Protein chains: 2
Amino acid sequence: MDERRDAQEAAIDAADRLFYARGIQAVTMDELRSETGISLKKLYSLFDSKEAILLAVLDRRHDLWTSGIARAADAVSTPADKLLSIYDFLHDWFTDGNYRGCGFINAFGELGATVPAVALAAREQKESFQRYVADLAEQAGAPASLAPQLAILAEGAQTTAAISGSADAARSAREAAEILIDAALRR
Amino acid sequence: MDERRDAQEAAIDAADRLFYARGIQAVTMDELRSETGISLKKLYSLFDSKEAILLAVLDRRHDLWTSGIARAADAVSTPADKLLSIYDFLHDWFTDGNYRGCGFINAFGELGATVPAVALAAREQKESFQRYVADLAEQAGAPASLAPQLAILAEGAQTTAAISGSADAARSAREAAEILIDAALRR
DNA sequence: TAACCTAGAGAACATGCGTTCTCTGCGCAG
DNA sequence: CTGCGCAGAGAACGCATGTTCTCTAGGTTA
């Protein structure tokens, strides 16, 4: 009987879409009900609270991000190319039409100060990404200073693309990353 | 009789502090009243709505940002050093204890999708910064590709510092900027 | 077939919030 | 000194929202 899981997944899916598109507090539980076709009673039997739904959404977003950059990395072979593939992944994301920034940064700005679990989820997501970049940079033989620089480029591209509405930031970040990687390996 | 202006400034000041520290929707008008000592009636005679207060807050934040980076730039002489001074300014900001990310990005994430004026204010702020960087990069004799890269580093440093709670991102961004500027001028 | 039980729908509740309304008290003119 | 007008404080309003409660319908067992 994992129709409970199915219902949870459907709710998380709809919540993710609504929260991301409009902001978390702008989405009411009633809207989530009409969007999913799941009654409020059922929603509250699947999750403890709206906050619990949000945390599940962030969890899933973390998984999607992780598998997305891993898939992009699988398409190339060297560690340096895997690092650069991050910005190609970002470019694809930016151009998908519904892009509105990093969901973790948005959630952090809106609720990070009042809901500690949200701040924690954002921190964990960013730390995990930093580790991913650091691992690849080490494999490429670069000094430890490179990884934070590349991660900052990825973060900056995300917010720049969100506010400008253009995907150009991904290209600029990739160019910058190429130069930084070159410089780090050249020495 | 510019005690009206004074009262407005005081309200904007308190609203900025509260909105920035906790998020906009987390701050009630009643809290703004008790924090400023200005009655609700008076607040609503000074501003049309809570949204109007927020827009005034963003306006002031834009002015403070602009004058802040200008002051940092005044301390050095070459265009390249002025570009690098941006990251020193960021480092000072990150270490001031109450740093919680870029106010425009936070406002954009929370309300950008539902309040068009907020999205507009964020876009204008970022465009203005991009122009500032582009002007300095041109004065330095760098190709047009440099400015977006440096702006992305600044944006990324802001979000990284916000979520990690550390000011290290400013140092990493400055190191990266030095390399990118060098590479852009060398060729 | 009948009694019981479970699960679900959505009405209801309590609270909180942006905004408005009313009443008080002070200053000033006559 | 008295009556008038105005600014301001904060109580009140109406609405929206997260959460809970009740009532119904369908299925299962004896």
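On a predicted model such as this, the values are computed, not experimentally measured, just so you know.

Enquirer: Please clarify how the interface of chain A and chain B should be interpreted in this entry.
Expert: A common way to report how large an interface is uses the accessible area buried once the components associate. Chain A puts 38 residues into the contact, and the matching count from chain B is 38 residues. Across the chain A/chain B interface, buried area totals approximately 3,100 Å², and carbon plus sulfur atoms make up 69% of it. Considering only the surface of chain A that becomes buried against chain B, F108(A), I152(A) and I163(A) emerge as the three largest contributors, covering 22% of it. On the surface where chain A and chain B come into contact, there are 0 salt bridges. The set of elements that each furnish at least two residues to the side of chain A that touches chain B consists of α1 (3-22), α6 (103-111), α7 (116-139), α8 (146-164) and α9 (168-186) of chain A. For the side of chain A that touches chain B, the element with the most residues is α8(A), which contributes 11 residues. Broken down by class, the residue content of the side of chain A that touches chain B amounts to 18 nonpolar, 13 polar and 7 charged.

Enquirer: Where do I start with the packing of aromatic side chains in this structure?
Expert: Remark: the centre distance and the inter-plane angle together describe each pair of aromatic rings, the angle taken between the planes. Under the criterion given, the structure shown has 12 aromatic pairs over all chains. Where W65(B) meets W93(B), the ring centres are 6.1 Å apart and the plane angle is 65°; that geometry is what we call edge-to-face. Placement of W65(B) in helix α4 (residues 50-74) and of W93(B) in helix α5 (residues 79-94) is noted, with a sequence separation of 28 residues between them. Taking relative accessible area as the criterion, W93(B) reaches 18% and is therefore assigned buried. Summarising the aromatic geometry, the rings of W65(B) and F129(B) are spaced 5.3 Å apart at their centres and angled 80° between planes, so their arrangement reads as edge-to-face. Linking W65(B) in helix α4 with F129(B) in helix α7 (residues 116-139), this pair joins segments that are 64 residues apart in sequence. Here the two residues W65(B) and F129(B) agree in accessibility, since each one is buried. For the cation-ring pair, R61(B) lies above Y20(B), with the distance from its terminal atom to the ring centre recorded as 4.1 Å. One residue, R100(B), lies across the ring of F108(A), its end atom 5.8 Å from the ring centre.

Enquirer: Teacher, can you tell me more about the domain arrangement of chain A here?
Expert: Residues and elements named next belong to chain A. The domain architecture assigned to chain A consists of domain 1 (1-47) and domain 2 (55-186). For domain 1 and domain 2, the distance between their C-alpha centres works out to 27 Å. At the junction of the two partners, domain 1 supplies 13 residues and domain 2 supplies 14 residues. The three residues of domain 1 that bury the most area against domain 2 are D16, Y20 and I24, which together make up 56% of that side's buried surface.

Enquirer: How do you make sense of the protein's contact with DNA strand C when you look at a structure like this?
Expert: As a structural note, the neighbourhood of DNA strand C is formed by S39(A), L40(A), K41(A), K42(A), V27(B), T28(B), M29(B), L40(B), K41(B), Y44(B), S49(B) and K50(B). Each atom of DNA strand C within 4 Å of the protein was assigned to sugar, phosphate or base; sugar and phosphate come to 64%. Taking M29(B), its main chain carries an N or O atom lying 2.8 Å from a phosphate oxygen of DNA strand C. K50(B) is positioned such that a nitrogen or oxygen atom in its side chain is 2.7 Å from a phosphate oxygen of DNA strand C. Put simply, the parts of the chain that give the surface near DNA strand C at least two residues each are α3 (40-46) of chain A together with α3 (40-46) of chain B. Here the surface near DNA strand C is composed, by residue class, of 5 nonpolar, 3 polar and 4 charged.

Procedures and definitions
Residues numbered from 1 in each chain as written. Chains lettered and ligands numbered in written order. Predicted model: local features only at pLDDT ≥ 70, side-chain atom pairs only at ≥ 80, totals over all residues. Heavy atoms only, no water. Contact = heavy atoms within 4.5 Å. Buried area = accessible area lost by both parts, 1.4 Å probe. Salt bridge = Lys/Arg side-chain N within 4 Å of Asp/Glu carboxyl O. Helix = DSSP H or I, 4+ residues; strand = E, 2+ residues; numbered from the N terminus. Nonpolar A, V, L, I, M, F, W, Y, C, P; charged D, E, K, R; others polar. Phe/Tyr/Trp six-rings, centres within 6.5 Å; stacked < 30°, edge-to-face > 60°. Buried < 20%, exposed > 50% of the residue type's maximum accessible area, 1.4 Å probe, protein only. Lys NZ or Arg CZ within 6 Å of the ring centre and 35° of its normal. Domains from an automatic or database assignment. Near = heavy atom within 4 Å. Polar contact = N/O pair within 3.5 Å; in protein donor to acceptor, adjacent residues only side chain to side chain.

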